[in-house]
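# Structure at a glance
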Amino acid sequence: MSNLLDLVKRSQMKADLPPMNPGDTVRVHVRIVEGNKERIQVFEGTIIGIRRAQNASAVTVRRVTASSIGVERTFLLHSPRIERFEVTRRGRVRRAKLYYLRDRQGKSARIKELRPSQQARTLRGAATLSPAPVAAAAEPQTTVAAPLVTDPTPLVVEEAAPVDVAEAPRTEEATPESTPAE
């Protein structure tokens, strides 16, 4: 039963999510339904928290309006109401939850921007919010790590011949040079 539930959950997950971290400035394109009309509304702000929970993953985005009022919205990442996420700026923070920004105003509420060299390191080690590929329920999941090869020639793996323990040469466990003198 849980395999079927996991299969349904994974089928509803979006695969095209950009890697996002707390401190990043994002633009969230949300579908708004008004009567029988539907339009896209953009909400731009700083990510102050991410909740990772398969298809229930959510991100909390905070923005400060022109009249210095902070507005926070929590978006489900895999919701059909979300058109897309755009990361406009990468922030350099050292916390997972940036709730301290609620008490700050002006310059103290700013977040430093990551330099390009730091962005490469951060994105390489960051856990992406995109789902794992959907596998059929009847097939067992096996993963095979493919070697990173830049040479197009095929890789040949030779098996080692079995060694008889009785015929193998003995190695000295302690040499006279390594034992302390008494």
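Residues numbered from 1 in each chain as written. Predicted model: local features only at pLDDT ≥ 70, side-chain atom pairs only at ≥ 80, totals over all residues. Heavy atoms only, no water.

The number of helices and strands found in the protein chain is 2 helices and 5 strands. Going from the N terminus to the C terminus, the protein chain shows its helices and strands as α-β-β-β-β-β-α. Here the protein chain, with 182 residues, has 24% of them falling under the buried criterion. Taking as baseline every contact in the protein chain between residues at least 6 positions apart, the subset at least 24 positions apart corresponds to 56%. (Helix = DSSP H or I, 4+ residues; strand = E, 2+ residues; numbered from the N terminus. Buried < 20%, exposed > 50% of the residue type's maximum accessible area, 1.4 Å probe, protein only. Contact = heavy atoms within 4.5 Å.)

The next thing to look at is the packing of aromatic side chains. Summed over the entire model, instances satisfying the criterion amount to 1 aromatic pair. Sitting over the ring of Phe-43, Arg-73 keeps its end group 5.5 Å from the ring centre. (Phe/Tyr/Trp six-rings, centres within 6.5 Å; stacked < 30°, edge-to-face > 60°. Lys NZ or Arg CZ within 6 Å of the ring centre and 35° of its normal.)

So, about the pattern of salt bridges. On inspection of all chains with the given rule, the structure shows 9 salt bridges. When the shortest N-O distance is used, the salt bridge between Asp-24 and Arg-90 registers 2.9 Å. Of this pair, Asp-24 sits in the loop between α1 (2–11) and β1 (25–34) while Arg-90 sits in the loop between β5 (82–89) and α2 (116–125), and the two are 66 residues apart along the sequence. You'll find Asp-24 and Arg-90 in the same group, each marked buried. Here Glu-72 and Arg-102 are joined by a salt bridge, their closest N and O atoms 2.8 Å apart. Taken together, the residues Glu-72 in strand β4 (residues 70–76) and Arg-102 in the loop between β5 and α2 connect sequence positions 30 residues apart. The class for Glu-72 is partly exposed, based on a relative accessible area of 30%. (Salt bridge = Lys/Arg side-chain N within 4 Å of Asp/Glu carboxyl O.)

The biggest cluster of nonpolar side chains holds 15 residues, and the ones touching the most others in it are Val-28, Ile-47, Val-59, Val-61, Phe-75 and Phe-85. Secondary-structure elements contributing two or more residues to this core are β1, β2 (37–51), β3 (58–64) and β5. Counting residues per element, this core draws most heavily on β1, which supplies 4 residues. Not counting residues up to four positions away in its chain, the partners in contact with Phe-85 are Leu-17, Pro-18, Met-20, Arg-27, Val-28, Val-59, Phe-75 and Leu-77. (Core = buried A, V, L, I, M, F, W, Y, C linked by side-chain atoms within 4.5 Å.)

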